[in-house]
There are 2 protein chains.
Amino acid sequence: MKNIFSDLPLDLKNEQFAELLRAKNIRIERIVSKGHTSPKTGWYDQEENEWVLVLQGAGTILFAENNQRVTLQQGDFFHIPAHAKHKVVWTDPEEFTVWLAMYYSVEDFSASE
Amino acid sequence: MKNIFSDLPLDLKNEQFAELLRAKNIRIERIVSKGHTSPKTGWYDQEENEWVLVLQGAGTILFAENNQRVTLQQGDFFHIPAHAKHKVVWTDPEEFTVWLAMYYSVEDFSASE
């Protein structure tokens, strides 16, 4: 895969994860969803910070703190600090949602929003 | 800016750089070009590795080693190791080219292509 939109799966029973870059303390992944959500119970509680950009489609993230819902459309990006408990509660069922996620395990950051 | 395509400049005399994230050894930038190229003389010789993705538009990067030319269209991504001398020799003059660049100063990496 050299194009981020290539090799979209024909049949997508589960979300598809592809690692695009790995270095010390850094990972870039492409995630492809189509109507998928996080498991119904529990939260993601990540050791790493995550910077995420929706390249195509749309998805909604729910945060445990304050029940905050964030819906990301094409081009929207968001920063999820480590241990901010969250889950994906909706992704577009009609088309592929392509997420670019950059995970990094660095404590101090400054994120534009 | 919360959408990567927002605030595109009306008038673009120079390439526009916006920092979206900064952490230790990591930076994410949006770069907007429209017909811009690197200065005619000299090469970029970066201390950091760069992972770059074209979100819109197109651009051509020339590498000093072997005179390799890489044209990136929408969705194409590429890894530029630190000190790989390069320059941008063409960007689409008709529309904005929006680059997402992630710079990181880590020596060991594994990049998918």
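Conventions adopted
- Residues numbered from 1 in each chain as written.
- Chains lettered and ligands numbered in written order.
- Predicted model: local features only at pLDDT ≥ 70, side-chain atom pairs only at ≥ 80, totals over all residues.
- Heavy atoms only, no water.
- Salt bridge = Lys/Arg side-chain N within 4 Å of Asp/Glu carboxyl O.
- Buried < 20%, exposed > 50% of the residue type's maximum accessible area, 1.4 Å probe, protein only.
- Pairing = 2+ DSSP bridges.
- Helix = DSSP H or I, 4+ residues; strand = E, 2+ residues; numbered from the N terminus.
- Axes fitted to C-alpha atoms, helices over the stretch in contact; angles between N-to-C directions.
- Contact = heavy atoms within 4.5 Å.
- Buried area = accessible area lost by both parts, 1.4 Å probe.
- Polar contact = N/O pair within 3.5 Å; in protein donor to acceptor, adjacent residues only side chain to side chain.
- Nonpolar A, V, L, I, M, F, W, Y, C, P; charged D, E, K, R; others polar.
- 1 Å grid on protein atoms, 1.4 Å probe; cavity = no way out; pocket = protein on both sides within 12 Å on 5 of 7 lines; lining within 4 Å.
- Points joined across faces, edges and corners; volume = space filled by probe spheres on them.

Colleague: I'd like a description of the pattern of salt bridges, backed by residues and values.
Modeller: Side chains bearing opposite charge may pair, as long as their charged atoms lie close to each other. Residues and elements named next belong to chain B. Enumeration over the complete set of coordinates arrives at eight salt bridges over all chains. Across the pair Asp 11 and Lys 13 runs a salt bridge, and its minimum N-O distance is 3.8 Å. Assessed through its relative accessible area of 55%, Asp 11 is described here as exposed. We classify Lys 13 as exposed; its relative accessible area is 69%.

Colleague: Could you give me a rundown of the sheet that holds strand β4 (residues 59–63) of chain B, with the residues and numbers involved?
Modeller: Residue and element names in this part refer to chain B. Taken together, the three strands give an open sheet; going across it, the order is β5-β4-β7, and neighbouring strands pair in antiparallel fashion. The open sheet has two edge strands, β5 (69–72) and β7 (86–91), and neither has a second partner. The average angle at which neighbouring strand axes cross in this sheet is 25°, direction not considered. Two elements, β4 and β7, share five bridges in a ladder whose sense is antiparallel. Within the sheet, the bridge partner assigned to Ile 61 lies in β7 and is Val 88.

Colleague: Give me the interface of chain A and chain B: which residues, what numbers.
Modeller: Across the boundary between the two partners, chain A contributes 33 residues, which contact 33 residues of chain B. Summing the contributions of chain A and of chain B, the shared interface buries around 2,700 Å²; its carbon and sulfur component is 67%. Linking chain A with chain B are eight residue pairs in polar contact (both at pLDDT 80 or more), by the criterion used here. When residues of the side of chain A that touches chain B are traced back to their parent elements, those giving at least two are β1 (16–23), β2 (26–33), β3 (49–56), β6 (77–80), β8 (97–104) and β9 (109–111) of chain A. With five residues, β1(A) is the largest single contributor of residues to the side of chain A that touches chain B. Of the residues in the side of chain A that touches chain B, the class split is 20 nonpolar, six polar and seven charged.

Colleague: Can you explain the environment of A:Tyr44? Please cite residues and give values.
Modeller: Residues and elements named next belong to chain A. Among the structural elements, Tyr 44 can be located in the loop between β2 and β3. Here Tyr 44 falls in the partly exposed class, since its relative accessible area comes to 32%. Sequence spacing of Tyr 44 and Glu 65 is 21 residues, and the spatial spacing of their C-alpha atoms is 13 Å. The residues contacting Tyr 44, other than those within four sequence positions of it, are Ser 38, Pro 39, Ala 84, Lys 85, His 86 and Lys 87.

Colleague: With reference to specific residues and values, describe empty space enclosed by the protein.
Modeller: Taken as a whole and judged by the stated rule, the model has one cavity of 30 Å³ or more. In terms of lining residues, the largest cavity is bounded by A:Ile28, A:Trp51, A:Leu100, A:Met102, B:Ile28, B:Trp51, B:Leu100 and B:Met102. Those elements giving two or more residues to the lining of the largest cavity turn out to be β8 of chain A together with β8 (97–104) of chain B. Its residues placed into classes, the lining of the largest cavity shows eight nonpolar, no polar and no charged.

Colleague: Run through the layout of surface pockets, naming residues and quoting values.
Modeller: Here the largest pocket defines a volume of roughly 290 Å³. What lines the largest pocket is a set of 20 residues, and nearest its centre among them are B:Phe17, B:Ile31, B:Tyr44, B:Glu50 and B:Tyr103. Put simply, the parts of the chain that give the lining of the largest pocket at least two residues each are β2 (26–33), β3 (49–56), β7 and β8 of chain B. One number sums up the size of the second largest pocket: a volume of about 230 Å³. As for the second largest pocket, its lining consists of 13 residues, and the residues nearest its centre are A:Ile31, A:Tyr44, A:Glu50, A:Val88 and A:Tyr103.

In short, the description is geometric, and any link to function would need to be established separately.
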